[in-house]
Amino acid sequence: MTLEILLQPLIYGLQLGVTYILLALGLTVIFSIMNVINLAHGEFYMLGAFTVFYINGLLRVNYFLALIISVVVVAAIGIFFERIFFRPARGQVVPTVIVGIGLMWLLQTAAQLIFGAQPRGMKEVFQGTVSFLNVNLSDSRVAAGIISIILVGGIYLFIYKTKLGKALQAVAQDREAAMSLGIDIGKVGTIGFGLGCGLAGVAGGIMAPIFFVEPTMGTTTLIKSMSIIILGGVGSIPGAALGGLILGIVESYGQTFLGYSATTFPFLIILLVLIFKRTGLMGRAA
Amino acid sequence: MSRLTLKKTVLCVVLFVILLLIPVLFRNLYHLGIITFMLINALLAVSCWFIMATGQVTLGHAGFAAIGGYLSAALISKYAIGSWWSLLIAMLTAGMVALIIGYITLRIKGIYFIVATLALGEVIRVIFGAWDDPFGGLIGIMNLPPPDTIIIPGLFSIKFVSKVSLYYLTLLFTMIGIIVMHRLNRSPIGLVFQGIRQADDLAENVGINIMGYKVLAFVIGCIFAGMGGVLYTYNVGSIQPSSFTLVQSAYYLVYVAVGGGANVFGPILGALVLNILSEFLRPVKEFEPIVFALILIGAVLLLQGGLVGLVQALWRRIHEIAAPISERAI
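In this convention, every chain numbers its residues from 1, walking through the sequence in written order. Chains carry letters from A onward and ligands carry numbers from 1 onward, assigned in written order. In keeping with the predicted nature of the model, local features appear solely for residues at pLDDT of at least 70, side-chain atom pairs appear and are counted solely at 80 or more, and the whole-chain, interface and lining totals rest on all residues.

## What about the confidence of the model for chain B?
Scored from 0 to 100, pLDDT records how confident the predictor is in each individual residue. Looking at chain B as a whole, the pLDDT averages 86, with 96% of positions reaching at least 70. Every helix listed is a DSSP run of H or I at least four residues long, and every strand listed is a run of E at least two residues long, numbered separately from the N terminus. Model confidence for chain B, summarised as mean pLDDT per element, is weakest for helix 13 (residues 306-329) of chain B at 75 and strongest for helix 9 (residues 210-236) of chain B at 93.

If you want it as structure tokens, here you go:
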């Protein structure tokens, strides 16, 4: 009995955690390239969730196809806004931050007008539950966990094993050196931004059958993603993975035992990291 | 130079007289209410600008206004503490929170301050929404009594029941806040702020404690944000978790971005222009945030110095054209 109470949140947390990794990876990739946090990251997550909600939930298109469409749609929206809003800010910190908050505000309100403000539940894609050791996990959550793990693996291979992934790393490490080696900074920037937004979008699509979908879901998502990358170490990809799992588990236990106040956890994590280990768990010293 | 100072003094006196005459000019209490909120928004915009003078963007400014508003409301309604003491305690609390958060997040350069202020703004809203006693949970605190009467024995007493008296009260505190921040910005401390914004590495190398100055700017700005929150609460007579959200913080950024950051008139002008625009947008209220978000992005990308920068550039052009003629005349 007590074992289940302790195990159930752990399993839930692990599932949340692997999906959080996708979000945090998206934010990290964009941060590495722009050197500034994309404050509209949560809104791309929201857009991905709505894409799946409409395409799978209402148009009855296959769920996996809907997920792929959500990546493409959200990446395209992201690239569009990178071109018209972020690129003219030329990487200066204050303008980029303000443009980010403007975009966040714009997308959130546009979503409220287009989709309606009320939270909506999607019909479950996978029925049934898996249970072992008296711990129950709905098939939706199992599927979400598996899809997330596959995607995280794919991103890992892309960044570390492909030429384009290495170009991304090079730009993140040293823009000018990368440029002098003949890497097309503009093209890599566009691809990186699209990838980052697409990851946020697919994370939203994965979560859509599990949680409610609503236009304001982006803000808490952004704060969670930011706390993950600060916990893991800003710019570190393994750090983002570790941070995502930790936040997922901590939050899951918090919601089980403390309820609503668990929403303050990401903020507390940020403060604790800054007080005790500024570089995060796996970040290099600045 | 003295002619310029004289011009400025005359301008300030004229502005001040206009502000004093507002309740006479706008007899409609609805309009007077809007102007009162414009003053509060101007105060919040100026306090946001004051922090941004060090090159920091705060995304949790509404949170500090919420601290001020909530604390004063709770002290008055639940603990029967006088309005003026409540105002003071609320402002100091906002400053204390800013001191702690600023000290933790501003030690390290980078994204931490932005991230932390954004998260803080949300956390403050969640905390007040979850805390039933004394903050009233999701309903908030309603039906606050009007601010305490000021009695000067034997001479007169001022009651703050009518909208007109609340306007003057708001005007007084807004003016105090704006003048204090303006004077500080023009003082040697303000010059250091400017130095940090333009080149913090350089400022650090010449021995300036940049962390200390950044925290100082943040604390002072937040104290006055708290004051803005208190003034809001005293005017409305109630406060809810939805009174101060991230969107509100975004509004203050728009005021600064549109008005310009060169001097104190930027955020004031921004608040004025956009509040008037907001009134015109009232029939299509649901589109207002979209318009404002686009204005924010447009102002940052296209209008670097804001409206004040535009006016200054025009002024210089006029002088350039006019100067040779006047010289010839002499």
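Additional details are given in the paragraphs that follow.
## Focus: the domain arrangement of chain B
Residues and elements named next belong to chain B. Note that the domain bounds were set by an automatic or database domain assignment. Examined at the domain level, chain B breaks down into domain 1 (36-244) and domain 2 (249-330). Look at where the C-alpha atoms of domain 1 and domain 2 centre, and you get two points 24 Å apart. Residues are treated as contacting if the C-beta atoms built from their backbones sit within 7 Å of each other. Tallying the contact residues gives 18 residues for domain 1 and 14 residues for domain 2. For the side of domain 1 that touches domain 2, the secondary-structure elements that each account for two or more residues are helix 2 (29-52), helix 3 (61-79) and helix 6 (163-186). Of the residues forming the side of domain 1 that touches domain 2, the biggest block, nine residues, is contributed by helix 2.

## Structural notes on the confidence of the model for chain A
Across chain A, pLDDT averages 87, with 99% of residues at or above 70. Mean pLDDT across the elements of chain A ranges from a minimum in strand 1 (residues 129-132) of chain A, with 78, to a maximum in helix 3 (residues 63-86) of chain A, with 92.

## Side note on the pairing of strand 2 (residues 135-138) of chain A
Residues and elements named next belong to chain A. In this description, strands pair whenever DSSP reports at least two bridges between them. Here four bridges tie strand 1 to strand 2, and the two strands are oriented antiparallel to one another. Note that in strand 2 the partner of V130 across the bridge is L137. In textbook terms, the turn of a hairpin is the stretch between consecutive antiparallel strands, and for strand 1 and strand 2 this stretch comprises two residues, one of which, L133, has a positive phi near 50°.

## Observations concerning the environment of Q255(A)
Of note, Q255(A) is situated in helix 10 (residues 237-257). Through-space distance from the C-alpha of Q255(A) to that of P9(A) is 8.6 Å; in sequence the pair is 246 residues apart.

## Focus: the packing of helix 1 (residues 2-34) of chain A against helix 5 (residues 139-161) of chain A
Residue and element names in this part refer to chain A. Running from amino to carboxyl end, helix 1 crosses helix 5 at an angle of 35°, the nearest separation of the two axes being 8 Å. Here the hand of the crossing between helix 1 and helix 5 comes out left-handed. Packed against helix 1, whose contacting residues are L14, Q15, V18, T19, I21, L22 and L25, the element helix 5 presents R141, A144, G145, S148, I149, L151, V152 and I155 at the interface. Helix axes use the C-alpha atoms of the stretch in contact, all axes being lines fitted to C-alpha atoms, and the angles between their N-to-C directions lie in the range 0 to 180 degrees. In this scheme the crossing of two helices becomes right-handed for a clockwise turn of the near helix relative to the far one and left-handed for an anticlockwise turn of less than a right angle.

## Brief notes about unusual backbone geometry
Of note, the bond from D133(B) into P134(B) is cis; its omega dihedral lies within 30 degrees of zero at 10°. Tracing the chain through its elements places P134(B) in the loop between helix 5 (112-130) and strand 1 (150-152). Positive phi, normally seen in glycine, also occurs at R60(A), with a value near 60°. With C-beta atoms placed from the backbone, a residue is buried if 20 or more other C-beta atoms are within 10 Å of its own, exposed if 12 or fewer are, and partly exposed between those counts. Exposure remark for R60(A): the 10 C-beta atoms within 10 Å place this residue in the exposed category. Not every positive phi belongs to a glycine, and A80(B) is a case in point at roughly 50°. With respect to the helices and strands, the residue A80(B) is situated in the loop between helix 3 and helix 4 (83-105). On the basis of neighbour count, A80(B) is assigned to the exposed category, with 7 C-beta atoms found within 10 Å.

## Some details on the interface of chain B and chain A
With 34 residues of chain B at the contact, the number on the chain A side is 33 residues. Of all the secondary-structure elements, those providing two or more residues to the side of chain B that touches chain A are helix 4, helix 5, helix 10 (246-259) and helix 12 (288-302) of chain B. Residues that form the side of chain B that touches chain A fall into these classes: 29 nonpolar, three polar and two charged. Note on residue classes: Ala, Val, Leu, Ile, Met, Phe, Trp, Tyr, Cys and Pro are nonpolar, Asp, Glu, Lys and Arg are charged, and everything else, Gly too, is polar.

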